[in-house]
Amino acid sequence: MMTQISHGVVKLRSLKNLGLRLVLDDFGTGYASLTYLKRFPIDLIKIDRSFIAEIHAEDARLVEGILSLSHGLVGLKVIAEGVEMPAQAISLKRLGCDYVQGFY
């Protein structure tokens, strides 16, 4: 799907037509790049856990940027994965994250 974008978009739209919601997983790493926010018909972005582990440090600015981009420019909700401590959940709520996922 990632090598033939137009073919992937057609397949994803078929899934959406079935009523499925699509999530771009591991955003910020690997294939999950800004290009796909514009091209793929996704409903949510899931921020990779590597950004959440140290949410109190410089990663907070990255997460804030991802949230701002997602909400403001493309109108998507955001899930943060790997939330395992109360401090992470509090920080994410303060930053405006829509959903959290993890053992916490």
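Keep in mind it's a predicted model, so treat the numbers as computed, not measured.

*Asks:* Just checking my understanding: could you explain the overall build of the protein chain for this structure?
*Replies:* If you tally the helices and strands in the protein chain, you get five helices and four strands. Here the C-alpha radius of gyration of the protein chain, 14 Å, is about what a compact globule of 104 residues would show, namely 13 Å. Its C-alpha atoms put the protein chain at 40 × 25 × 20 Å along the principal axes. Contacts in the protein chain between residues at least 24 apart in sequence constitute 44% of all its contacts with a sequence separation of at least 6.

*Asks:* I tried to follow a nonpolar patch on the surface on my own but got confused; where do I start?
*Replies:* A surface patch of nonpolar side chains, amounting to about 290 Å² of accessible area, comprises Leu 15, Leu 18 and Leu 20. Mapped onto the fold, Leu 20 is located in the loop between helix 1 (5-17) and strand 1 (23-27).

*Asks:* So what exactly am I meant to see when it comes to the sheet that holds strand 3 (residues 77-81) here?
*Replies:* Sheet strands associate in pairs through backbone hydrogen bonding, adopting either a parallel or an antiparallel arrangement. Strand order in the open sheet made by the four strands is 1-2-3-4, with parallel pairing throughout. The sheet is open, and its two edges are formed by strand 1 and strand 4 (99-101), each paired on a single side. Between one strand and the next, the sheet's axes are offset by a mean angle of 25°, whatever the strand orientation. Bridge analysis of strand 1 against strand 2 (residues 44-47) gives three bridges, and the strand direction is parallel. In the strand pairing of strand 2, Phe 27 is matched with Ile 47.

*Asks:* Quick question: what am I supposed to make of the pattern of salt bridges here?
*Replies:* When the charged atoms of two side chains with opposite charge come close together, those side chains can pair. According to the stated counting rule, one finds three salt bridges in the structure shown. Residue Lys 46 is joined to Asp 25 by a salt bridge in which the shortest nitrogen-to-oxygen separation is 4.0 Å. On the criterion of sequence distance, the pair formed by Lys 46 in strand 2 and Asp 25 in strand 1 is long-range, its members being 21 residues apart. For the salt bridge of Glu 84 with Arg 49, the shortest nitrogen-to-oxygen distance reads 3.4 Å. Pair noted here: Glu 84 is in the loop between strand 3 and helix 5 (86-95) and Arg 49 is in helix 3 (residues 49-52), with a separation of 35 residues, a long-range link.

*Asks:* Explain the confidence of the model for the protein chain here, please?
*Replies:* Close reading of the predicted structure is inappropriate where its pLDDT is low. Counting all residues, the mean pLDDT for the protein chain is 86, and 93% of those residues have values of 70 or more. The weakest mean pLDDT in the protein chain belongs to helix 2 (residues 34-39) at 74; the strongest belongs to strand 4 at 96.

*Asks:* Help me understand the nonpolar core in this model?
*Replies:* Grouped burial of nonpolar side chains is what soluble globular proteins tend to show. Membership of the largest hydrophobic core comes to 26 residues, with the highest contact counts inside it found for Leu 37, Phe 40, Ile 42, Ile 47, Ile 52, Val 63 and Leu 92. Of all elements in the fold, only helix 1, strand 1, helix 2, strand 2, helix 3, helix 4 (59-73), strand 3 and helix 5 reach the threshold of two or more residues within this core. When sequence neighbours within four positions are dropped, the list of residues in contact with Val 63 reads Ile 47, Phe 51, Ile 52, Ile 55, Leu 92 and Leu 95.

*Asks:* Explanation requested: helix 5 in the structure shown.
*Replies:* Along an α-helix, residues three or four apart share an orientation, since each turn contains 3.6 residues. Turning to helix 5, its buried residues are Gln 88, Ala 89, Ser 91, Leu 92 and Leu 95. Taken end-on, helix 5 shows its buried residues confined to a sector of 165°, consistent with a single buried face. Facing away from the buried surface of helix 5 by more than 90 degrees, the exposed residues are Ala 87, Ile 90, Lys 93 and Arg 94. Buried residues in helix 5 make contact with helix 3, helix 4, strand 3 and strand 4.

Procedures and definitions
- Residues numbered from 1 in each chain as written.
- Predicted model: local features only at pLDDT ≥ 70, side-chain atom pairs only at ≥ 80, totals over all residues.
- Heavy atoms only, no water.
- Helix = DSSP H or I, 4+ residues; strand = E, 2+ residues; numbered from the N terminus.
- Rg over C-alpha atoms; globule rule 2.2 N^0.38 Å.
- Contact = heavy atoms within 4.5 Å.
- Patch = residues over 30% accessible without salt bridge, like charges linked within 9 Å, V, L, I, M, F, W, Y side chains within 5 Å.
- Areas by Shrake-Rupley, 256 points an atom, 1.4 Å probe, with all protein chains shown as cover.
- Salt bridge = Lys/Arg side-chain N within 4 Å of Asp/Glu carboxyl O.
- Pairing = 2+ DSSP bridges.
- Axes fitted to C-alpha atoms, helices over the stretch in contact; angles between N-to-C directions.
- pLDDT = per-residue confidence, 0-100.
- Core = buried A, V, L, I, M, F, W, Y, C linked by side-chain atoms within 4.5 Å.
- Buried < 20%, exposed > 50% of the residue type's maximum accessible area, 1.4 Å probe, protein only.
- Arc of directions from axis to C-beta.

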